[in-house]
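Spelled out, the chains give:
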Amino acid sequence: MVAMGVVAFGLLTVDHRLTVDAVPKPNQKVVALGSDFDFGGPAANGAATARVLGMPTRFITAVGSGLLASFALDGLRGLGVEVVDLLADEPGEPSVSTVMVTRSTGDRTVVSHNALSVRDNLTLTGHELDDATVLLVDGHHMATAIRLCQMARRRGVTVLFDGGSWKDGTDELLKYVDVAAVSADFVPPGAGDALDYVAASGCRQAVQTRGAASIRVLDNGHSSEVAVPPVEVVDTLGAGDVFHGALAYFMARDGDQGDPNETFSEHVRQAAEVASLSCRYEGAHGIQRYASR
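Attention here is on the structure that accompanies the text. (Residues numbered from 1 in each chain as written. Predicted model: local features only at pLDDT ≥ 70, side-chain atom pairs only at ≥ 80, totals over all residues. Heavy atoms only, no water.)

## Topic: the overall build of the protein
And then number 1: Along the backbone of the protein there are 8 helices and 13 strands.
And then number 2: With the C-alpha coordinates aligned to their principal axes, the bounding extent of the protein is approximately 50 × 45 × 45 Å.
And then number 3: In the protein, once contacts between residues fewer than 6 apart in sequence are set aside, the share between residues at least 24 apart is 65%.
And then number 4: Approximately 13,200 Å² of the protein is accessible, and the part contributed by carbon and sulfur atoms is 50%. (Helix = DSSP H or I, 4+ residues; strand = E, 2+ residues; numbered from the N terminus. Contact = heavy atoms within 4.5 Å. Areas by Shrake-Rupley, 256 points an atom, 1.4 Å probe, with all protein chains shown as cover.)

## Description of the nonpolar core
And then number 1: Ranked by internal contacts, the top residues of the largest apolar core, which has 45 residues, are Leu12, Phe59, Leu76, Leu160, Ile215, Phe243 and Val268.
And then number 2: Contributions of two or more residues to this core are made by β1 (6-9), α1 (42-52), α2 (67-77), β8 (134-137), β10 (179-183), β12 (213-219), α6 (239-254) and α7 (264-278).
And then number 3: Excluding its chain neighbours within four sequence positions, the residues that come into contact with Phe243 are Ala181, Val207, Thr209, Ile215, Val268, Ala271, Ala272 and Ala275.
And then number 4: Membership of the second largest hydrophobic core comes to 35 residues, among which are Val157, Val159, Val177 and Val198. (Core = buried A, V, L, I, M, F, W, Y, C linked by side-chain atoms within 4.5 Å. Buried < 20%, exposed > 50% of the residue type's maximum accessible area, 1.4 Å probe, protein only.)

## Comments concerning the packing of α1 against α6
And then number 1: Put simply, α1 and α6 touch, their axes get as near as 7 Å, and they point 50° apart. The angle between α1 and α6 falls in the class oblique. When the axes of α1 and α6 are compared, the crossing they make is right-handed. Together, Pro42, Asn45, Gly46, Thr49 and Ala50 of α1 and Asp241, Val242, Gly245, Ala246 and Tyr249 of α6 make up the contact between the two elements.
And then number 2: Along the lines of polarity and charge, the residues of the contact of α1 with α6 split into 5 nonpolar, 4 polar and 1 charged. (Axes fitted to C-alpha atoms, helices over the stretch in contact; angles between N-to-C directions. Parallel < 35°, antiparallel > 145°, perpendicular 65-115°, else oblique. Left-handed = near helix turned anticlockwise from the far one by under 90°. Nonpolar A, V, L, I, M, F, W, Y, C, P; charged D, E, K, R; others polar.)

## Quick look at the pairing of strand β5 (residues 82-85)
And then number 1: Here β5 shows one buried face, formed by Val83 and Asp85, and one open face, formed by Glu82 and Val84.
And then number 2: As paired strands, strand β4 (residues 57-61) and β5 are joined by 4 bridges and run parallel to one another. Residue pairing across strands places Ile60 opposite Val84, the latter belonging to β5.
And then number 3: Read as a crossover between parallel neighbours, the route from β4 over α2 to β5 is right-handed. (Pairing = 2+ DSSP bridges. Right-handed = clockwise from strand over helix to strand, strands pointing away.)

## Section: the pattern of salt bridges
And then number 1: Taken as a whole and judged by the stated rule, the model has 13 salt bridges.
And then number 2: Here Arg153 ties to Asp178 by a salt bridge, and the two come within 3.8 Å at their closest N and O atoms. Of the two residues, Arg153 is situated in helix α3 (residues 142-155) and Asp178 in the loop between α4 (170-174) and β10; the sequence distance between them amounts to 25 residues.
And then number 3: A relative accessible area of 12% means that Asp178 is categorised as buried.
And then number 4: What you see here is one network of salt bridges that share partners, running through Arg153, Asp178 and Arg204. (Salt bridge = Lys/Arg side-chain N within 4 Å of Asp/Glu carboxyl O.)

Set out below in structure tokens:
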């Protein structure tokens, strides 16, 4: 085990996953073909991915003590992720996300409350980033995420932002982000180009994922694209989170002492391969099933 690691901070959920032939229309009832529960959330899934790939990983969140919280946190601990709950001494539960996956295409529809009911004046000890090489944040618990990013900047820890969508406070967060990985749903104010926007905010490197389409890359002003490997898709749930966790893994693995030929675009290509593999399996943690074969 190497003396470096990934710290992920953000949302933890319990995902109720339903496999359906088609997403129901208004006032329509359908019978699910399958149903299961698992932990979820962008940063949580990213932390799980980095750990499954072999990186010492710490996940920090804010849920509190309760039955569902124990279920979700134990799922991460079972993978070997070190878990820090900033609300561990208070009663609370994570948000429950309802996920419907269309069997024929693997497309997913998600309804979630996120962390909107969680207070944002969370207490940090100052040790959250000990031994960290990369900090992955998903923009949830925004005020605390900004404080952690400021801490990372002071310590020389690389900040990777999972920008699934624009959230209040994103402008301030981007001031402390080194690498932004945004989705096609990430729409900055004024609806300008997302990569240009994050680059102008100070990010030295950025990518934009677009499902099965090629990934746009901006590396210190140089633009390129990385192809997404085609696979037989079973479930796209969590594919973006897996990409971010894998990208964090490859960045932390190489660190400042990595192979100089391992360019940022190569890290993106490797992360895309991992995310594509995860789509061959059901659920957001398909890469775990692949790695355990």
